[in-house]
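Read off the chains here:
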Amino acid sequence: MKIEHLRLSRFRNLEDNDLSFHERGHLIIGDNGQGKTNLLEALHYLTVLRSFRSQQDRECIRFGEETFHLEGGWLEEDGGRGTLAVGCSRQRKKVSLAGREVPAVSEAFGQFKSVLLTPEDIGIVRQGPSERRRHLDVLLSIVSPLYLEKLKRYRKALASRNVLLRRTPFSEEQMEPWERQMAESGAWLITRRREWLEKLAPEYERLFERLSGGERGSLGYYNSLLARHCPEGQSADTELIASVFAERMKKRRPVERERGLTLSGPQTDEVLFAIEGQPLRNFGSQGQQRTAVICLKMSEAVLLGRELGVRPVLLLDDIFAELDLHRSLRLLEELVESHQSFITAPRKEAVFERLGHLPVKFIRRGSVLDG
C-alpha cells in the first residue's frame, strides 16, 4: 500500500496544501514544533479516524477555525486505488470512502493501513495492562471489521451488566441476556487475541534478537479462562470458553455485586513482554523497553502483510534519536526498505545516508517543502 496524496485544510498548524508523495515515502526534516508530528498524525488519522495524541477531534482544528478537512488517496497492492475524506467540526464528523459518505465511521476504520511508531509508544510496555489491551484492540479492529463489531457488542453488554450489579433491587432475569451476549462476544475476542499474538510472537522474537544484538525477548498473552481450560499449546475452543465464562459470571454474581464490577473477561487480559524470561516492565532497561516497542510495531507490519496481503505504510516519528547506529541500521535493513516509509527527524543524521532512496521534505512553521 502506498499513499499518493494528502489534502490538508485547517489541520493543526499545517498550511492548507495538497501534498504528493513518492512511492518510497519521505524523510521529513524540521525543528521541534514546526509540524513534523502533525503531518504523521494527519496520515495516521486516515487509518483510525481519530488522533493518536488527543481524545477530542476539536483539538486537531487549527486555532481560530471551526473545522478541519483531510483527504487521502492511496494505491492498493492489487493496483486499485482508494480514497478517504474526513470533515470534522466541533460537533460532527463526516467520513467519505471512495466518494461515498458512510453512515457509520466504523465502516471506514482501517481501510487505509498504516503502522505508527512514536517515542510515546514506550507506554505500551511501561504502563498498565489497559494500555496494552487498547493497543491490541485497535490493531485487531484494523485487521478485521468483525473484531470491532464484537468489541463494541461486548463493551455495551459489560457496561449494562455493571449497571445492573449496582442496582437495587437486583434482578437475575435482567442480568442473563447481557451475560449471554458477553459470553459469546467475549469468548470470540479472547480467542482472536491469542491467535494473533501466537502468530506475532515468532516475528517479534526474531526482530528483538536481531535489533538487541542477541538478547531473547518474548511476547505472550494471559487470560484466566484460557490458562485453565485451553493452556498454551492447545487450540482455543471458543464455544468452551463461552460456556465457562457464562458459568463463571453466574457464580460470581454475589461477589461482583459487592464490588459493583465484573471481575473477569477480556477487560482483565494481559499482553506479556519478557526479556530473558523476566517481565520486561520490571526488569528491562529503557533501551530494552524501546527496542521491544519497535519490534512490536515492526512485527505487526510484517504480519499485516502476511494476513491481509497488504504492506502498511510506516510512520516513524523521530525514533532514530532513541537508537544507536547499529540498531538503526538493523531496523532499516529489516523493514524500512520494503515499505513506503515516512520518517521524521530534526536533522539529517549519519544513519540517513542509508536512506538515499527517500526524498526529503522539510517542514517550517507548518509549511511542507520539497527538499
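In this report, we go over the structure that sits alongside the text. (Residues numbered from 1 in each chain as written. Predicted model: local features only at pLDDT ≥ 70, side-chain atom pairs only at ≥ 80, totals over all residues. Heavy atoms only, no water.)

### Quick word on the overall build of the chain
Each helix and strand in the chain was counted, giving 11 helices and 15 strands. Radius of gyration (C-alpha) of the chain: 22 Å, near the 21 Å computed for a compact globule of 371 residues. Reported as C-alpha extents along the three principal axes, the dimensions of the chain are approximately 65 × 50 × 35 Å. Here the chain, with 371 residues, has 53% of them falling under the buried criterion. On the chain, roughly 17,200 Å² of surface is accessible, and the fraction owed to carbon and sulfur atoms is 46%. Taking the 58 positively charged and 54 negatively charged side chains of the chain as two groups, their mean positions are separated by 4 Å. (Helix = DSSP H or I, 4+ residues; strand = E, 2+ residues; numbered from the N terminus. Rg over C-alpha atoms; globule rule 2.2 N^0.38 Å. Buried < 20%, exposed > 50% of the residue type's maximum accessible area, 1.4 Å probe, protein only. Areas by Shrake-Rupley, 256 points an atom, 1.4 Å probe, with all protein chains shown as cover. Lys, Arg positive; Asp, Glu negative; His and termini not counted. Charge placed at Lys NZ, Arg CZ, Asp CG, Glu CD.)

### As for the pattern of salt bridges
Side-chain pairs of opposite charge can arise whenever the charged atoms involved come near each other. Within this structure, the stated rule accounts for 31 salt bridges. Between R100 and E107 there is a salt bridge whose closest N-O contact spans 3.6 Å. We note a salt bridge from D121 to K297, for which the minimum N-O separation is 2.9 Å. Placement of the pair is D121 in the loop between β8 (114-117) and α2 (123-126) and K297 in helix α10 (residues 286-308), with a sequence separation of 176 residues. (Salt bridge = Lys/Arg side-chain N within 4 Å of Asp/Glu carboxyl O.)

### With respect to the nonpolar core
In this structure, W196, L197, Y204, L219, F273, M298 and L316 are the most contacted members of the largest nonpolar core, which totals 62 residues. No other element matches the 14 residues that helix α5 (residues 172-212) contributes to this core. Once residues lying within four places of it in the same chain are set aside, the contact partners of W196 are L136, L139, L140, V143, L303, L304 and E307. Judged by nonpolar contacts, the second largest core, of 41 residues, contains L43, L84, F342 and V368. (Core = buried A, V, L, I, M, F, W, Y, C linked by side-chain atoms within 4.5 Å. Contact = heavy atoms within 4.5 Å.)

### Description of the state of the cysteines
Inspection of the entire model under this criterion finds zero disulfides. Here C60 stays unpaired: no disulfide links it, and the sulfur of C88, its closest cysteine neighbor, is 7.6 Å away. (Disulfide = S-S within 2.5 Å.)

### Structural notes on the sheet that holds strand β6 (residues 93-97)
In space, the six strands of this open sheet follow the order β2-β1-β4-β5-β6-β7, with antiparallel pairing throughout. Where the open sheet ends on each side, the last strands, each with one partner, are β2 (17-20) and β7 (100-101). Where strand β1 (residues 2-9) and strand β4 (residues 67-75) come together, seven bridges link them in antiparallel fashion. In the sheet register, K2 faces β4, and the bridge partner there is L75. With respect to the sheet, helix α1 (residues 36-48) is in contact with β1, β2, β4, β5 (81-89) and β6, its orientation differing from that of β1 by roughly 110 degrees. (Pairing = 2+ DSSP bridges. Axes fitted to C-alpha atoms, helices over the stretch in contact; angles between N-to-C directions.)

### Focus: the environment of R62
As for its position among the elements, R62 is in the loop between α1 and β4. It is 4.3 Å that separates the C-alpha atoms of R62 and R12, two residues lying 50 residues apart in sequence. Excluding residues that lie within four positions of it along the chain, R62 makes contacts with R10, F11, R12, L14, E15 and D16. In terms of polar contacts, R62 uses its side chain to reach the backbone carbonyl oxygen of L14, at 2.8 Å. (Polar contact = N/O pair within 3.5 Å; in protein donor to acceptor, adjacent residues only side chain to side chain.)

### Quick look at the sheet that holds strand β13 (residues 341-345)
The six strands lie next to each other as β8-β12-β13-β3-β14-β15, forming an open sheet whose pairing is mixed. Unpaired on one side and paired on the other, β8 and β15 (367-370) mark the two borders of the sheet. Each strand axis lies, on average, 20 degrees off the axis of its neighbour in the sheet, ignoring direction. Looking at chain direction, strand β3 (residues 25-29) and β13 are connected through five bridges and run parallel. Looking across to β13, one finds that H26 is bridged to F342. Seen against the sheet, α10 touches β8 and β12 (313-317) and runs at an angle of roughly 175 degrees to β8.

### Section: the pairing of β12
With respect to burial, β12 is a largely interior element, five of its five residues being buried. Of the two faces of β12, the one carrying V313, L315 and D317 and the one carrying L314 and L316 are both buried. Strand direction decides the pairing type here: β8 and β12, joined by four bridges, are parallel. Bridge pairing in β12 links V115 to L314. For β12 and β13, the ladder comprises four bridges, and the chain directions are parallel. Each bridged residue has a counterpart across the sheet, and for L315 the counterpart in β13 is F342.

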